[in-house]
Amino acid sequence: MTKITADHLGRGAFVYIRQSTADQLLHNLESRRRQYGLADRARQLGWTTVEVIDDDLGRSGGGVNRPGFERLLAAICEGRVGAVFAIEASRLARNGRDWHTLIEFCGLVGTVIVDEDGVYDPRHPNDRLLLGMKGTMSELELSLFRQRSQEALKQKARRGALFLSVAAGYVRAGRDRIEKDPDQRVQEALSLVFAKFAEFHSVRQVHVWLRDEGIALPVACHRAAEGRSIAWRLPLYNTVHNILTNPVYAGAYAFGRTMSQVSVEDGRKRVRRGLRRPRSDWEVLLKDQHEGYITWNEFESNQRVIANNATGKGSAVTGAVRRGELLLAGLLRCGHCGRKLYVGYGGKAGRYYCQGALVNHGTARCISFGGLRADNAVGTEVLRVLTPLGVDAAVQALAAQTGETSAAQRQLGLALQDAHFAAAHARRQYDAVDPANRLVAGELERRWNEALQVVHRLNGEIAELEAKKPAPLGEKERQHLMRLGADLELAWSHPAATAETRKRILRTALHEIVVRIEGGVIEMVLHWQGGDHTALQLKINGAGKHRWTVSEDTLTLIRELARLMPDQQIARLLNRAGKPTGRGNGWTKARVCSFRSHHGIAVYHESEWVERGEITLEAAAQIMDVSLMTALRMVRRGIIKGRQLCRGAPWVIKPEDLTAYREQKPSRRPLTSNPLQQSLQFQ
């Protein structure tokens, strides 16, 4: 005890207390009592000022941040510490950095270290050597403990017998296997999640549907006092995502799906746990280990869909269905550079374009083309392929018409059964107690009332759901739906069919579309989900043209008709000829006027015929003094030269042609000797 001097006793004694885990805090009580007992030993050795530092209870000594240890080092540097008490070196530090820093600081200010074996002065070489060896052994001991425990866990995991926790939907069956939870409500809730994902193909949409319908999902809760239990909560996004990505629900045992990453921040080791590994790096994956909610093939298909829905992964994935009227977003890939095409909306229509070269190299875009024509061509091809399946889709739609409501109602019904059981259990507890013992009976009565309130609430929700339930389809509606199934083109263009629905249909049928533009032609190769390929070709519109442009022959016809008749008559003639506008509408006087103004066609004037030296068929008949039908027959037979732009347009005749005809016309004999006889005119 000669190492303890009056200078040491004049300063304070600091007792450092630490236990590594929360489990040790709960169960290793004797170790903590021994550490707190060091304060009494410090007083026995002569210290009057004793300070206990227990800020690091439940913290590892392997190098993580420890506020209590930092406070101890600060007190040593201030010269307030005469001795540091600990039951052993491992309590102070389990890593060389912290241990040697402590020895160095104690040696500088003359602080001794006291454990159950003796007193050590870091200023003495022998004591410093012994303390260094103790610290090294402590660090090695921790490393050996960790290595042994991890290897034992891995060995058990390779057999598929290690279950640190059990996911909701399963329970332990013995020590080394699991089986489905016998609770039917739990099973049906999880099966509903997988069924809805097969319908929506989106984790987000499944989550939104569950929240909108008020359907709770089972969550495994682990409490030290109660053990494992199942709680029912409205799902969060992570809850749905974890269910869909956990291989345990596909009947597989997986170990090592996550890892820890060590980094140094502010001079301290920081461990980040729970980082996901790719499946190729999982340590153990054993298929068909137990009964699953889905098959392994369905699980892998779900993972591909979830991966393709990630919009932040660049051109490597398709991306989720997003807003917008263009249907091929996420499916198109540039055949020149291999990058995914983007969608841009400007004005009334959108365009597909590849800007990878522009972003990465500052050069011009690879390709760019309008989206409406491409959407129509791909949609027509998909409908052609899917037409044989239309009737099956209609039958499934009939079955699913009440499917969503029945699924939500089924979950509420199972919840109501649980609530009835809880209420009956609370009543039995209340009946079993002496009513005079109000301290107990009052609490049990309160619990019974709460259980009854839950039953009443669930009954109200079921009644509300029944009121909102749509009426079953009548025979007329069923026949209409079957007609839509037989005619997919009509269903595709139906006003109730949204762009989102069409996008889902296309993504179900197509895997990817590779696009190239060569020689003014858009070359598209459709890659179907089954592995087949289809080639399509589309002609690119010329500059300044769009899909609402009328044909060249209609434009030429309007140019010539504008020199023969006013706009109102042009509109009537075009409608009779079956020539619609660019948008497929009928012509009106205003539309003809707007069309002329757009193409720079002058308005019709009454004096144009005279200026050009032309006459109508009616004027020619009057000049020749014949009926209109006679003049028409003469023109059609070529006796008189005339020109007609189209059927229904006015005949255009030159006066000189009439003069030539009259000079060649033979003298007409009177039809009768009666000079008062008149000719019969057909009007």
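Predicted model only: the values in this text are computed from it and were never measured.

Our focus in this paragraph is the overall build of the chain. When helices and strands are tallied, the chain shows 27 helices and 20 strands. Long-range pairs, those at least 24 residues apart, make up 59% of the contacts in the chain between residues at least 6 apart in sequence. Of the roughly 39,800 Å² of accessible surface on the chain, 52% is carried by carbon and sulfur atoms.

Moving on: the packing of helix H7 (residues 96-109) against helix H8 (residues 125-158). In the contact formed by H7 and H8, the axes pass within 9 Å of each other and the chain directions differ by 160°. Judged by the angle between their axes, H7 and H8 are roughly antiparallel. Two packed elements cross with a definite hand, and for H7 against H8 that hand is right-handed. Along the contact surface, H7 presents Gly96, Trp99, His100, Ile103 and Glu104, while H8 presents Arg128, Leu131, Gly132, Gly135 and Glu139. Here the residues of the contact of H7 with H8 sort into three nonpolar, four polar and three charged.

For the structure on display, the rule yields zero disulfides. Here Cys366 stays free of any disulfide, with the sulfur of Cys337 as its closest cysteine sulfur at 3.7 Å. For Cys366, a relative accessible area of 30% gives the class partly exposed.

Taken together, the side chains of Met137, Leu140 and Leu144 present a nonpolar region at the surface, about 270 Å² in accessible area. Overall, the relative accessible area of 43% leaves Leu140 in the partly exposed class.

On to the packing of aromatic side chains. Note on aromatic pairs: each is described by the distance of the centres and the angle between the planes. Tallied over the full model, the rule gives 11 aromatic pairs. Their ring planes at 90° and their centres at 5.6 Å tell us that Trp47 and Phe85 sit as a pair that is edge-to-face. In this pair, Trp47 sits in the loop between helix H4 (38-44) and strand S2 (50-53) while Phe85 sits in strand S3 (residues 81-85), placing the two residues 38 residues apart along the sequence. Judged by its relative accessible area of 2%, Trp47 is buried. Note on Phe85: relative accessible area 0%, which makes it buried. Over the ring of Trp209 we find Lys196, and its NZ or CZ is 4.4 Å from the ring centre.

Across the sheet, four strands lie side by side as S14-S18-S19-S20; this open sheet has mixed pairing. Across the chains shown, the open sheet's two edge strands, defined by having one partner strand only, are strand S14 (332-334) and strand S20 (533-539). Across the sheet, the axes of successive neighbouring strands diverge by a mean angle of 25°, strand direction being ignored. Where S14 meets strand S18 (residues 510-518), three bridges bridge the pair, whose relative direction is parallel. If you follow Cys334 over to S18, its bridge partner there is Val515. The strands touched by helix H20 (residues 499-509) are S18 and strand S19 (521-528); relative to S18, the strand with the most contacts, the crossing angle is about 95°.

To find the voids left in a structure, one rolls a probe of water-molecule size over its atoms. Tallying each qualifying case throughout the model produces one cavity of 30 Å³ or more. Its volume calculated, the largest cavity comes out at about 40 Å³. Along the walls of the largest cavity sit Ala86, Glu88, Ala89, Leu92, Trp99, Ile113, Asp115, Leu131 and Lys134, which together make up its complete lining. Within the lining of the largest cavity, the residues separate by chemical class into six nonpolar, no polar and three charged.

What follows is about the environment of Ile505. Mapped onto the secondary structure, Ile505 falls in helix H20. C-alpha separation for the pair Ile505 and Gly379, spaced 126 residues apart in sequence, amounts to 9.5 Å.

The next point concerns the confidence of the model for the chain. The predicted model of the chain averages 81 in pLDDT, with 84% of residues at 70 or higher. Of all the helices and strands in the chain, helix H15 (residues 390-400) carries the lowest mean pLDDT, 50, while strand S1 (residues 12-16) carries the highest, 93.

Pairing in this open sheet of five strands is mixed, and the strands run S2-S1-S3-S4-S5 from one edge to the other. Of all the strands in the sheet, just S2 and strand S5 (119-120) have a single pairing partner and so form its edges. Pairing analysis gives four bridges linking S1 to S3, with the strands arranged parallel. Directly across from Ala13, in S3, lies its bridge partner Ala83.

This paragraph deals with the nonpolar core. If you look at the biggest cluster of nonpolar residues, it comprises 49 residues, and the most contacted ones within it are Val193, Leu210, Val240, Leu244 and Tyr249. Within the residue set of this core, elements represented by two or more residues are helix H9 (184-200), helix H10 (203-213), helix H11 (237-245), strand S10 (253-255), helix H12 (296-308), helix H16 (403-432) and helix H17 (438-468). A per-element tally of this core places H9 first, with eight residues. In this structure Leu210 touches Leu192, Val193, Ile215, Leu217, Pro235 and Val240, once residues within four positions along its chain are discounted. Of all hydrophobic cores here, the second largest spans 28 residues; its members include Leu328, Ala374, Ala377 and Met524.

Moving on, we come to the side chain of His290. Of note, His290 is situated in the loop between strand S13 (284-286) and H12. A distance of 2.9 Å separates a polar side-chain atom of His290 from the backbone oxygen of Val248. Filtering out sequence-adjacent residues up to four positions away, His290 remains in contact with Tyr170, Ile178, Val248, Gly251, Ala252 and Tyr253.

The next point concerns the pattern of salt bridges. Enumeration according to the criterion identifies 34 salt bridges in this entry. For the salt bridge of Asp7 with Arg11, the shortest nitrogen-to-oxygen distance reads 2.9 Å. Arg33 is the partner of Glu30 in a salt bridge, and the nearest nitrogen-oxygen pair spans 2.6 Å. Taken together, the residues Glu30 and Arg33, both in helix H3 (residues 29-36) and three residues apart, mark about one turn of the helix.

We now examine the packing of helix H5 (residues 67-77) against H7. Orientation of H5 relative to H7, taken along the N-to-C sense of each, is 20°, at an axis distance of 9 Å. It follows from the interaxial angle that H5 and H7 lie roughly parallel. For the pair H5 and H7, the crossing hand works out as left-handed. Listed contacts from H7 to Phe69, Leu72, Leu73, Ile76 and Cys77 of H5 are Asp98, Thr101, Leu102, Phe105, Cys106 and Val109.

Scoring rules and cut-offs
- Residues numbered from 1 in each chain as written.
- Predicted model: local features only at pLDDT ≥ 70, side-chain atom pairs only at ≥ 80, totals over all residues.
- Heavy atoms only, no water.
- Helix = DSSP H or I, 4+ residues; strand = E, 2+ residues; numbered from the N terminus.
- Contact = heavy atoms within 4.5 Å.
- Areas by Shrake-Rupley, 256 points an atom, 1.4 Å probe, with all protein chains shown as cover.
- Axes fitted to C-alpha atoms, helices over the stretch in contact; angles between N-to-C directions.
- Parallel < 35°, antiparallel > 145°, perpendicular 65-115°, else oblique.
- Left-handed = near helix turned anticlockwise from the far one by under 90°.
- Nonpolar A, V, L, I, M, F, W, Y, C, P; charged D, E, K, R; others polar.
- Disulfide = S-S within 2.5 Å.
- Buried < 20%, exposed > 50% of the residue type's maximum accessible area, 1.4 Å probe, protein only.
- Patch = residues over 30% accessible without salt bridge, like charges linked within 9 Å, V, L, I, M, F, W, Y side chains within 5 Å.
- Salt bridge = Lys/Arg side-chain N within 4 Å of Asp/Glu carboxyl O.
- Phe/Tyr/Trp six-rings, centres within 6.5 Å; stacked < 30°, edge-to-face > 60°.
- Lys NZ or Arg CZ within 6 Å of the ring centre and 35° of its normal.
- Pairing = 2+ DSSP bridges.
- 1 Å grid on protein atoms, 1.4 Å probe; cavity = no way out; pocket = protein on both sides within 12 Å on 5 of 7 lines; lining within 4 Å.
- Points joined across faces, edges and corners; volume = space filled by probe spheres on them.
- pLDDT = per-residue confidence, 0-100.
- Core = buried A, V, L, I, M, F, W, Y, C linked by side-chain atoms within 4.5 Å.
- Polar contact = N/O pair within 3.5 Å; in protein donor to acceptor, adjacent residues only side chain to side chain.

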